[in-house]
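# Descriptive structure summary
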Amino acid sequence: MDFTPFQKQVASNLKSLLKNSKLSFHGHRFDVRTLELPGKSGHPIQRDFVIHPGAVVILPLLDEETVIMIRNERLATGETLWELPAGTLEPDEPPEDTAARELIEETGYHAESIAPMTHFYTSPGICNEAMYAYVAKGLSFVGQNLDDSEEITTEAIRWPRLLEMVKNGQVRDGKSIATLLYYHSFKKRF
């Protein structure tokens, strides 16, 4: 799968949004912009949008039956969540480079191959974050390289248990659920 057409569409949409909106908040990882539109009644309405540089999510396969999952402390939820490794794109960084970097940082595994699977918007009602999903194979442990703020542990989990964890709500991270179920449904393609 080639992510280039999707990346160009995201960039084109962003260019249009930036031209027609005003900056409301500038943050370290994202901005919030406000767009004023005519409402059905003729009165103007305002919509706020999070402008995000995009991100990757990686499905690390230790073998065809085992996935490396992470337990990630998430301040926004006040919980430690089961997730797949993921990370935000750096400026001008291709998603496949982000995937390779984040896989090592968060899990400590280097992959012989990282292949694109699918792409999606994480929360299009409020955010333009484009997520690029990859599958990583041929893993070898090289050691984690966590950021100062990260509290992450890893666990190798076999597919039957992992699918049960999704089903019973132990895995509550949307990008992880989407990527796991996508791969499990269509894995013969990769």
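Use the structure listed above.
Residues numbered from 1 in each chain as written. Predicted model: local features only at pLDDT ≥ 70, side-chain atom pairs only at ≥ 80, totals over all residues. Heavy atoms only, no water.

This part covers the pattern of salt bridges. Following the criterion strictly, the structure yields ten salt bridges and no others. Measuring nitrogen to oxygen at the nearest pair gives 2.1 Å for the salt bridge that ties Arg172 to Glu79. Taken together, the positions of Arg172 in the loop between α3 (159–167) and α4 (174–186) and Glu79 in strand β6 (residues 79–83) put the pair 93 residues apart, joining distant regions of the chain. Its relative accessible area of 32% is what places Glu79 among the partly exposed residues. Put simply, Arg101 and Glu93 hold a salt bridge, and the shortest N to O gap is 2.7 Å. A cluster of three or more residues bridged by salt bridges with shared partners is formed by Arg74, Glu83, Asp173 and Lys175. (Salt bridge = Lys/Arg side-chain N within 4 Å of Asp/Glu carboxyl O. Helix = DSSP H or I, 4+ residues; strand = E, 2+ residues; numbered from the N terminus. Buried < 20%, exposed > 50% of the residue type's maximum accessible area, 1.4 Å probe, protein only.)

Each α-helix turn comprises 3.6 residues. Residues three or four places apart therefore point the same way. With 13 residues, helix α2 (residues 95–107) should reach 18 Å at 1.5 Å per residue; the first-to-last C-alpha distance of 18 Å fits that figure. Just downstream of α2, Gly108 is the residue with a positive phi angle, here 85°. (Expected span 1.5 Å × (residues − 1).)

Viewed as axis vectors pointing N to C, α3 and α4 meet at an angle of 135°, and their least axial separation amounts to 11 Å. When the interaxial angle is binned, α3 and α4 end up oblique. As for how α3 packs across α4, the hand of that crossing is left-handed. Between α3, through Trp159, Leu162, Leu163 and Val166, and α4, the contact on the second element is made entirely by Ile177, Leu180, Leu181, Tyr183 and His184. Here the residues of the contact of α3 with α4 are counted per class, giving eight nonpolar, one polar and no charged. (Axes fitted to C-alpha atoms, helices over the stretch in contact; angles between N-to-C directions. Parallel < 35°, antiparallel > 145°, perpendicular 65-115°, else oblique. Left-handed = near helix turned anticlockwise from the far one by under 90°. Contact = heavy atoms within 4.5 Å. Nonpolar A, V, L, I, M, F, W, Y, C, P; charged D, E, K, R; others polar.)

Turning our eyes to something else, we now look at the sheet that holds strand β3 (residues 44–51). Pairing between sheet strands relies on hydrogen bonds along the backbone, with the strands arranged either parallel or antiparallel. Strand order in the open sheet formed by three strands is β1-β2-β3, and the pairing between neighbours is antiparallel. Edge strands, defined here as strands with exactly one partner in the open sheet, are β1 (21–26) and β3. Sheet twist, expressed as the mean angle between neighbouring strand axes with direction ignored, is 25°. (Pairing = 2+ DSSP bridges.)

Even without being a glycine, Asp92 presents a positive backbone phi close to 60°. Note on placement: Asp92 falls in the loop between β7 (86–88) and α2.

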